[in-house]
Amino acid sequence: MTDMPDGLSFLPMGGTGEIGMNFNLYRLTKDGREHWLAIDCGIGFSGNDTPEAEVLMPDPSFIAERRRDLHGLVITHAHEDHLGAVAHLWPYLQCPVYVTPFAAAVLRRKLYEAGLLNQVPVNIILPASRFDVGPFDLQFVPVTHSVAEAQAIALRTPHGLIVHTGDWKLDENPLVGPKTDLETFERLGKEGVLAMVGDSTNVMKEGRSESEADVRIGLTELVAGLTGRIAVTCFASNVARVESIAKAARASGREVMIVGRSLRNLETAARECGYFSDLPPFLTEQDARDIEDDRLLMIITGSQGEARSALSRIAGDTHPNISLGEGDTVIYSSRVIPGNEQAVMGVQDNLSRRGVRVLTDKDGKVHTSGHATGGDVRVLYDLVKPKYSIPTHGEWRHLTAHAALAREAGAEPILLEDGDILNLSPGAVGVVDTAPTGRLALDGGRLLPMTGGVLAARRKMLFNGIVLASFAVDDEGYVIGNPKISAPGLLEVEDPETLRIREEFADAIDAIPDELREDDLMFRDAARTALRRALGRKLQKRPLVDVHLLRV
């Protein structure tokens, strides 16, 4: 990075040009020292382009090298793509975390599971509060979203006021929590806003957002006309949606059971923060055993087709306690996140195969987005009147559509790639440098770089297969017995092609020069080359090749 005078910069490290993995950095340079602030730290889920990994998150190496100057991490709301990576990446950041009460309740369970509960300094900030994080003067601005206590952030600096919207929408009747605080946004606009960093996810949809209240009505009407067992799947973090489903069930005389750990965690966090106060505790799988089918509604995790989710196991008839079949109904009160289409369709197909009726938003008013439409975005620009617009959080087509709306509203849009360092002050506003970025994959309990050798090998095996050869040699390096060839997922054991490869490999080993046989490493490399030649071109693939040599 180049040296810069006192000033203000913005740096997106995840979430620009894709959905998920939100991780944003602000840098305030003052008196020759850099001061850093992080906003949000989320995960993303793999799509068709990354089958070798399931959960992804931004690589924090850049800011980890500067963590002594990182004053804090502020979380805008309790969605996985905004706080899901905190428990995994905090050991690299080691800074205080600032969250609302509901986000704190969600985060603490994640920290407990990671063994970090007593290590991470979690500061609870009430919605609509103004607070300092090091030299940064911050103000939470309540916004409506599909999770409780979502907040935009007004960031006041000596160089200008920045509005960081987070995820938001306009809803005149959000059911849980307040409406988006347009009065405060208008006051910020009159104060003068240098730049607005804004959500782009749903900006391509025209008109104003639909209300969560309409979804509650739609669910109530739909549930009332159904018989048999009913299961509803939705995003586990949507407190208003879970409440709507529960009230729709009770309006039809049904008890409510929740299935899945994330939903149980949601219920605990929501009740801790005063939500669901007019609903009795939800039943567990054990509590619901004696309730008749027509008197039970299940809220189930797995709306995105996750392989280990409760709904996927039910669809595959592998759940230990729950089965669905003829006469039963599953309602998808959710949208499909891009990249999950095949997984969701697979679950729905398995349900249909078992005789289950599958209903989606095409069959009734059962879902609405928590993100601002193009109409909502226009309203916000009219109030905030930023000089510059920085579209974030969305695929590239969303960012460009957002930029077009911003230009219409009189703001100058700036499109950034992850890692771009945007100078906001002093001097000309523009990209002045680039920071290294990357993605990490959660693989069991470890984090692996997507560009590293482990996942690169896994990716190659997924598409081209793997061929393993093993053979034993004596002290002089001559082969004992016959080599063994294994090509799982590529060749059958007794396939004629396998026998041909084994014979050609054996002949090729015999032809390796004597001077290479004395050193195991050189012998193994020569044998690997021989195996590749034996594979030839008939497979029309380039599998991962490895050789095990045993000297006896």
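Keep in mind the model is a prediction, meaning the values are calculated, not measured.

Digging into the sheet that holds strand β27 (residues 466–473)
Piece 1. Taken in spatial order, the 3 strands make up an open sheet running β28-β27-β29, and their pairing is mixed. This sheet does not close on itself; its edge strands, each paired only once, are β28 (479–486) and β29 (544–551). Across the sheet, the mean angle separating the axes of adjacent strands is 15° when strand polarity is ignored.
Piece 2. Note: β27 against β28, 5 bridges, orientation antiparallel. Looking at β28, one finds that Val473 is bridged to Val479.
Piece 3. Across the sheet, helix α14 (residues 496–510) lies against β27 and β28, angled at about 140° from β28, the strand it touches most.

Here we look at the pairing of strand β10 (residues 130–133)
Piece 1. Of the two faces of β10, the one lined by Phe131 and Val133 is fully buried and the one lined by Arg130 and Asp132 carries no buried residue.
Piece 2. Here β10 pairs with strand β11 (residues 136–142) via 4 bridges, running antiparallel. For Val133, the partnering residue across the bridge sits in β11 and is Phe136.
Piece 3. Connecting β10 to the antiparallel partner β11 that follows it, the hairpin turn spans 2 residues, and Gly134 within it adopts a positive phi of roughly 60°.

What about the environment of Val493?
Piece 1. By the secondary structure assignment, Val493 is in the loop between β28 and α14.
Piece 2. Here Val493 falls in the exposed class, since its relative accessible area comes to 59%.
Piece 3. In the structure, Val493 is positioned 173 residues away from Pro320 in sequence and 35 Å away in space, judged by C-alpha atoms.
Piece 4. Look past the residues within four positions of Val493 in its chain and what remains in contact with it is Thr498 and Arg502.

Overview of the nonpolar core
Nonpolar side chains in soluble globular proteins generally cluster together in the buried interior.
Piece 1. Grouped together as the largest cluster of nonpolar side chains are 94 residues, with contacts concentrated most on Leu25, Leu73, Phe102, Phe185, Val239, Ile299 and Ile331.
Piece 2. Formed by 26 residues, the second largest nonpolar core is a distinct cluster that contains Phe10, Ile39, Ile125 and Val133.

With respect to empty space enclosed by the protein
Piece 1. Within the structure shown, the criterion is met by 5 cavities of 30 Å³ or more.
Piece 2. Around the largest cavity, the lining is made up of 17 residues, and of these His145, Ser146, Glu212, Asn238 and Ala240 lie nearest the centre.
Piece 3. No other element matches the 3 residues that helix α7 (residues 239–251) contributes to the lining of the largest cavity.
Piece 4. Across the lining of the largest cavity, the residue classes tally to 6 nonpolar, 7 polar and 4 charged.

Here is what the cut-offs are and how they apply
- Residues numbered from 1 in each chain as written.
- Predicted model: local features only at pLDDT ≥ 70, side-chain atom pairs only at ≥ 80, totals over all residues.
- Heavy atoms only, no water.
- Pairing = 2+ DSSP bridges.
- Helix = DSSP H or I, 4+ residues; strand = E, 2+ residues; numbered from the N terminus.
- Axes fitted to C-alpha atoms, helices over the stretch in contact; angles between N-to-C directions.
- Contact = heavy atoms within 4.5 Å.
- Buried < 20%, exposed > 50% of the residue type's maximum accessible area, 1.4 Å probe, protein only.
- Core = buried A, V, L, I, M, F, W, Y, C linked by side-chain atoms within 4.5 Å.
- 1 Å grid on protein atoms, 1.4 Å probe; cavity = no way out; pocket = protein on both sides within 12 Å on 5 of 7 lines; lining within 4 Å.
- Points joined across faces, edges and corners; volume = space filled by probe spheres on them.
- Nonpolar A, V, L, I, M, F, W, Y, C, P; charged D, E, K, R; others polar.

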